[in-house]
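Spelled out, the chains give:
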Amino acid sequence: MCGIIGYTGNENPVSFLIKGLKQLEYRGYDSAGIAVFSDNGTHIVRAVGPVRNLEHKVSKLSLQGFSGIGHTRWATHGKVTEGNSHPHQAGRITLVHNGIIENYSELKEQIEQIGRTLKSETDTEVLAHLIDIEVEKGFLLLEAITRVIPKLRGSYAFVVSDPEDPRCLIGVSQGIPLWVGNSNGNMLLSSDSRGLSLFTNEGFVLKSAEIVQCRPGSFQVFDFSGHLTTKNISLTQLSNDSSELVGFEHYMMKEIYEQPLAVLNTKAKLIQSAQLYSLPFKLWDHVQLMGCGSARHAGLVAKHYFEQIVGVTATVDYASEFSDCFNHTQPSTLVILISQSGETADTLSALRAAKNRGLATLSITNRKQSSLSLESDFCLFTEAGCEISVASTKAFTSQVSLLLALAYEWSYQIERVESSFRPQLNPYLSALPEQIAQTLQRDKQIRFIAEKLLSSRSFFFLGRGVLFNVAQECALKLKEISYCFAEAYPAGELKHGPLALIDKDSTVILLTTRGSTGDSVSDPLTHLQQDKMKNTLQEVKSRGAFIWTWGADTPYFRQESHEFPPLPSSHRFTEPILHTVLGQLFAYHLAHLKGAEIDKPRNLAKSVTVE
Ligand code: F6R
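Note that the structure is predicted; figures quoted are calculated from it, not measured.

Trainee: Even after reading the chapter, I still don't get the site of the ligand, so can you show me in this structure?
Mentor: Inspection of the region around the ligand gives 14 residues, with S339, Q340, S341, T344 and E480 positioned closest. Interatomic distance of 2.6 Å between a backbone N/O atom of Q340 and an oxygen atom of the ligand. Take S341: an N or O atom from its side chain is 2.7 Å from an oxygen atom of the ligand. Every element with two or more residues in the shell around the ligand is listed here: α10 (293–310) and α17 (466–482). Tallied by class, the residues present in the shell around the ligand amount to five nonpolar, seven polar and two charged.

Trainee: Looking at this structure, how should I read the nonpolar core?
Mentor: One recurring pattern in soluble globular proteins: nonpolar side chains tend to sit buried together. Membership of the largest hydrophobic core comes to 84 residues, with the highest contact counts inside it found for F306, I336, F461 and F586. With near-sequence residues (within four places) excluded, I336 lies in contact with V287, Q288, L289, M290, F306, L362, I364, L403 and L406. Formed by 31 residues, the second largest nonpolar core is a distinct cluster that contains Y104, C168, V172 and F224.

Trainee: When you look at the sheet that holds strand β5 (residues 88–90) in this model, what are you seeing that I'm missing?
Mentor: Read across the open sheet, the six strands follow the order β5-β6-β7-β8-β12-β13; overall the sheet is antiparallel. Looking at which strands have only one partner, the edges of the open sheet turn out to be β5 and β13 (218–223). Strand-to-strand twist in this sheet, taken as the mean axis angle between neighbours without regard to direction, amounts to 20 degrees. Relative to strand β7 (residues 156–161), strand β6 (residues 93–99) runs antiparallel, the two being bridged by six bridges. Across the sheet, residue G99 finds its bridge partner in β7, namely Y156. Helix-sheet contacts for helix α4 (residues 123–136) involve β5, β6 and β7, and the interaxial angle to β6 is about 140 degrees.

Trainee: Looking at this structure, I do not really get the sheet that holds strand β17 (residues 333–339). What am I missing?
Mentor: Hydrogen bonds between backbone atoms are what pair the strands of a sheet, whose relative direction is either parallel or antiparallel. Spatially, the five strands line up as an open sheet ordered β16-β15-β17-β18-β19, and their pairing is parallel. Since the sheet does not close on itself, it has two edges, and those belong to β16 (313–318) and β19 (378–381), each with one partner. On average, adjacent strands in this sheet sit at an angle of 20 degrees to one another, irrespective of strand direction. Examined bridge by bridge, β17 and strand β18 (residues 360–365) share six bridges and lie parallel to one another.

Trainee: Got a minute to help me understand the pattern of salt bridges in this structure?
Mentor: Side-chain pairs of opposite charge can arise whenever the charged atoms involved come near each other. Using the criterion set out here, one finds 31 salt bridges in the structure. For E134, the salt bridge identified is with R147, shortest N-O distance 2.6 Å. Taken together, the residues span a long stretch of sequence, with E134 in helix α4 and R147 in helix α5 (residues 141–148) at a distance of 13 residues. For E134, a relative accessible area of 2% gives the class buried. Of the residues examined, R147 reaches a relative accessible area of 36% and is grouped as partly exposed. Linking K254 and E258 is a salt bridge whose minimum nitrogen-to-oxygen distance equals 3.1 Å. Overall, the relative accessible area of 3% leaves K254 in the buried class. Residues joined by salt bridges that share partners form a network here, namely E134, K137, R147 and K151.

How each quantity is defined
- Residues numbered from 1 in each chain as written.
- Predicted model: local features only at pLDDT ≥ 70, side-chain atom pairs only at ≥ 80, totals over all residues.
- Heavy atoms only, no water.
- Near = heavy atom within 4 Å.
- Polar contact = N/O pair within 3.5 Å; in protein donor to acceptor, adjacent residues only side chain to side chain.
- Helix = DSSP H or I, 4+ residues; strand = E, 2+ residues; numbered from the N terminus.
- Nonpolar A, V, L, I, M, F, W, Y, C, P; charged D, E, K, R; others polar.
- Core = buried A, V, L, I, M, F, W, Y, C linked by side-chain atoms within 4.5 Å.
- Buried < 20%, exposed > 50% of the residue type's maximum accessible area, 1.4 Å probe, protein only.
- Contact = heavy atoms within 4.5 Å.
- Pairing = 2+ DSSP bridges.
- Axes fitted to C-alpha atoms, helices over the stretch in contact; angles between N-to-C directions.
- Salt bridge = Lys/Arg side-chain N within 4 Å of Asp/Glu carboxyl O.

Here it is, written out as structure tokens:
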């Protein structure tokens, strides 16, 4: 949610800022802007839309300077206009900001009462005024910032400059990360390590409630009282994730195709992780899973794993609801927080609420040194690599496979002998990357079906048990990138109301189990589930809907469905991942055929750092 970049060094800042913003663009793309500082003052350029619009404007100017700041925006306060784009200026002060100043309305009133006028609708401009008021009184920039911080409520990171000292940039982090990098004496500030990665492979992240002051070739870190911190700061190796499209048209498709490797790496790293084997599994008999969007869907899938493989009870909450809800969590509860970015504000707030209740917390995240990983008691990492497309694909399947392997290990450690799944499951877990690769071979077929469904008015994803949870993920993916109406229902629930929506312009996608053994009718549970799905199929067929069955490979489903992409035979706990892959491919192709902006869907951003 918004990306910020800062540069001070011995070269012209412009190309650092534009290249850095392109790296951060996945965080928000409503508008972008830069400010360049030199002896001739401050030059600001801003443009609505993606960074390329800003780049085009900048290319017509010959901007020169010692330092600069840049921002790519996901609008929260104020419409998507050039006037609301960052950088914002008040008097001498220019700044870029990520996060929210929660008490900005009352601060705005105070500022207006002393005769200042705000030009934008943003909370950021309030911050610029507050700092400017202090520098006007004669305080140096660092002092001015420490005088303003106690007045602010919320989580934020910002980078600020004062033309009195144009080679100096000051960055502040409160609950939202800000990275510092050094590239041969060029100092960079960025919302994440990706923003630095084109320039340096060394950096560190500020702790919350820290301030960094950067000059060419040096930096100092202060606490919020303005005291220099004495701790040793070591520059860590930044991850070297490839951000090239390598022949793919979009990051989403590249990331869909990276799933066999992401899942393989996640399991390989997990089983070497000392953290996994140090988890005190015997202390817990209940799991509370939380996350947002796709990450919560991973939790919904994993609930089945914890209940059926480990034999503990499990509940799943929206992270955004947890801090407000009364719930019956026992001390023997393990709270599992799932987040690709590790920076989602709602998930962080759920983590803090769980810790306040004295509960043990385990985070599952894709980002080392993320706030979630640093603040939780235990942390396990997915190894999906950098996910750039806003729609989550490889992060989701890596989360599900990690949670499955975790449940497996947990049942092993507590010696849950009655778990009948254990002996069968391991080979399927090992075969999963290969099965995902086989599922990806359906790509062309899925595109062909998407072409047929271009005029469909509504999409209903139906499943039973864990496949209903996968149906939820498939519907979310379709909504967010194709902007089509899509909904998921437990198959048996359809007849209790939603059936009224089904007509000849509807598409119904039945996520059915193929069964563990490949011989789908020999397993009683498979048999039962398939029988019940047959009833659902007939209910929608008689209303004229287009019927598309995933999974069950039987003559009945082949004959009764309009389309039928078979899936490899797998275990019923790994099968959900294969269904997800079909859902991702379908969402991608439908959105592509409709001409939608795949990697940057409207109104969304990759990392949602506001509640
Ligand atoms: C959907 C999607 C979002 C995220 C959600 C949580 O495709 O990407 O629903 O899953 O915003 O983000 P993280 O996992 O970073 O906490």
